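# Descriptive structure summary
Spelled out from the first residue to the last, the chains are:
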Amino acid sequence: VFTFLVQAGVSCKWVNDSQHLLLEHFDAIHNSPSQIYHSILPLSPPSSWLHNCYTAESSGVVRVVKGLSDEWGACSCTVVLNSNPQALASWKDTLAVALKSHDILLLNAITGSQTAVLSGHTNEVKCLTFLPDGMSLVSGSEDKTLKLWDIQTGGVVRTFHDHIKQVFSVSISADCTMLASGSEEEICLWDIQTGICWGRLEVQGWVYCVAFSTTNPQHLISASSYGIQGWDIQGHKIRPSYQSHYRGFSSNGTHFVSCTEEAVTVQDFDSGAVVAKCLLSKPYHNFHCPCFSPDGKLVACAAGAIIYVWDITGLDPLLIKTFIGQKGYIDSPHTFSSPSTLVSASYMTNQSNSGRLVTLSTDSATGDPESCTACHISNPVCQPASRGWYCYL
Amino acid sequence: MTHLLRGLPSSHHFQRALLEKGKSGVDQLYIKILEQAFHHTHVDNSQLYSRFRSVVGTVLLLFNPLSVNGLSELLKKSHSSSGISSIMRSLHSVLLVPDNKEDLIHIFHKSFPDFLADPERCEDERFFINPSVHHQEILLSCLDLMKKRLKRNICGLDDFISLGKVKDLPACQKVYIGDALGYACQFWTRHLLEIPTNSSGVGEAHKAIDNFFTTQLPYWIEVLSLMRNLDAGVHAINDVDKWYRLVSCGVTVHQNLCSHFLSRQGFPASG
């Protein structure tokens, strides 16, 4: 019995190392399998089982001089995109990414492989959301329309036409009958089945975010550059209402999270009561793009090129992860594809048309969360020069 | 149904088969076909029947069909190519066995595997196929084939070459990898998940998988990449993870029972 348990322990290490090997270097191996011996094995953590077991297989083309991390990175998957990512949404293992090229990519969130391309919008797509059954996706675009897509066929089921200006945000009511979409100075309410716009709410500013309550289907909340406002679907303003500098907003239907330069605040949807206020020891971080994990236990927020993750289940929010190393600007929102996997999109400013997605594990290698030492995000091996700490001989 | 009838000696037997009580028509038909195929063989020839179960079990439980040649390579350890061919020939009324040994074997109707794998319907032990036994057999055949065939740079490609630039990748796959090895690399973990974690063969499977991870892992990944199906690798590792968890859970329960028993006997349960 006991030898068996020990064996199982060893086996988990194999599984862990193999999974890291495959996911972190998926693109490189897919393009050129010989990279396994030239760069991937030499670059694996020196203390890992994989590194030690297959030392003899390293080709010796790459020799690591210094700086190799002792642990696998937190990044489990990197997807290189050929256009800037604009919006993200996830449903279980399916990830939808809207690109600057007007297309929407569907990816497998575990492997990063592309499963479909949804084409049809004539301008940039600014927001995406899955229906609760995961079979359909709603997108809102600068072309002033929203589209409902069938995930299986990749076809457009319905187009929603009545917006006068571009669409920034979209939300689906918990009972799946209504759609709310935010635009310049208005929110439209739609019947999903018929595609008819039956209500308009006048809002100050551009509505960057709109969200239905999951506890009360009559209530929704909007965030614009003028602040956060609660509504009922007849168009009456209700609590909560806040004047705040818009930095970012997200809601999971029972709570919403907003951020200012200094703090990330989680509040109850209906009462507006502050549930958690996440701060860092140094103020002024310029927080943006907050999001919830699907179970509502974690909140992630970007600040510059760093992503912070807090556990908000306790009395005080606890900073559990700091991810650094994401290249370029993290400007589009991130999303959790599972309770412990964060997907983050970024775009490069030096290469006019590229971006990438990384999936980050929030329960990977430990380290002092605020010191930024652990949790490096690895780059794909196919771009070796950008790593800067090994050389070709 | 005309395919099914081809294997029968006469319509007289067929009618009698259908009239027997307690069995549905199609079950009677399959029993008749099997008995007819083996009517020259003595009931006690257990070796031959075990060969039958092993070959037919493999054909029926594969997640993707193989050709006669592919099947021969996968089962090379335990079966000769001519042996497999003769078993296939005897079942031509229920299996589509193409003359060309490179073409895939198909089952005419899904009711045939359902019938053979159901002990209530297929009461004759000579023919009954126990899926968990045969999934384990296939798993070990896959691991054995990978152990024999996998090697670094199996296709002999130039170093550093990007697969997008390889002129005829499908031909390379066919010549250097082949159906059987390709199948083994992509599907071995699917068979692993079909093995009950309390079966007697778990130990043997464990040992073979240990060996696989410590000696063939990079070559296996290479083949999946060459087959343009690296996704299968990610899913396979998840499958292995799932199986290990199931197995170790089973063991943990066992261990708890042991310590419970020990403490009941007045011994302190040791951690």
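Notes on the structure in this doc start here. Predicted, not measured: the structure shown is a model, and the values here were computed from it.

Analysis parameters
- Residues numbered from 1 in each chain as written.
- Chains lettered and ligands numbered in written order.
- Predicted model: local features only at pLDDT ≥ 70, side-chain atom pairs only at ≥ 80, totals over all residues.
- Heavy atoms only, no water.
- Helix = DSSP H or I, 4+ residues; strand = E, 2+ residues; numbered from the N terminus.
- Buried < 20%, exposed > 50% of the residue type's maximum accessible area, 1.4 Å probe, protein only.
- Polar contact = N/O pair within 3.5 Å; in protein donor to acceptor, adjacent residues only side chain to side chain.
- Contact = heavy atoms within 4.5 Å.
- Buried area = accessible area lost by both parts, 1.4 Å probe.
- Salt bridge = Lys/Arg side-chain N within 4 Å of Asp/Glu carboxyl O.
- Nonpolar A, V, L, I, M, F, W, Y, C, P; charged D, E, K, R; others polar.
- Pairing = 2+ DSSP bridges.
- Axes fitted to C-alpha atoms, helices over the stretch in contact; angles between N-to-C directions.

### Details of the side chain of S222 of chain A
All names here are of chain A.
- Within the secondary structure, S222 is located in strand β14 (residues 219-224).
- Overall, the relative accessible area of 1% leaves S222 in the buried class.
- One polar contact links S222 to W231, side chain to side chain, over a distance of 3.0 Å.
- Filtering out sequence-adjacent residues up to four positions away, S222 remains in contact with I187, V203, V207, C209, V210, G227, I228, Q229 and W231.

### Regarding helix α6 (residues 81-90) of chain B
- Within α6 of chain B, the full set of buried residues consists of G83, I84, S85, I87 and M88 of chain B.
- On its buried face, α6 of chain B is in contact with α4 (46-61), α5 (68-74) and β1 (95-96) of chain B.

### Concerning the interface of chain B and chain A
- Taken together, the contact pairs 39 residues of chain B with 36 residues of chain A.
- Between chain B and chain A, a total of about 3,400 Å² is buried, with carbon and sulfur atoms accounting for 69% of that surface.
- The largest contributions to the chain B side of the interface with chain A come from R152, F160 and V234 of chain B, which together make up 18% of the buried area.
- Applying the counting rule to chain B against chain A returns 1 salt bridge.
- Those elements giving two or more residues to the side of chain B that touches chain A turn out to be α10 (202-215), α11 (217-226) and α12 (230-264) of chain B.
- Examining the composition of the side of chain B that touches chain A, we find that 16 residues originate from one element, α12 of chain B, more than from any other.
- For the side of chain B that touches chain A, the residue count by class is 19 nonpolar, 13 polar and 7 charged.

### Looking at the sheet that holds strand β5 (residues 104-108) of chain A
Residues and elements named next belong to chain A.
- Read from one edge to the other, the open sheet built from 4 strands follows the order β3-β4-β5-β6, with strand pairing classed as antiparallel. Across the chains shown, the open sheet's two edge strands, defined by having one partner strand only, are β3 (85-91) and β6 (114-118). Averaged over all neighbouring strand pairs, the angle between strand axes comes to 20 degrees, with direction disregarded.
- Pairing geometry for strand β4 (residues 94-99) and β5, over 5 bridges, is antiparallel. Along β5, the bridge assignment pairs T94 with N108.

### Section: unusual backbone geometry
- Positive phi, close to 80 degrees, is recorded for H102 of chain A, a residue that is not glycine.
- Here H102 of chain A shows up in the loop between β4 and β5.
- The exposure class assigned to H102 of chain A is partly exposed, which follows from its relative accessible area of 26%.
- Here R228 of chain B, not a glycine, exhibits a phi torsion of approximately 60 degrees, which is positive.

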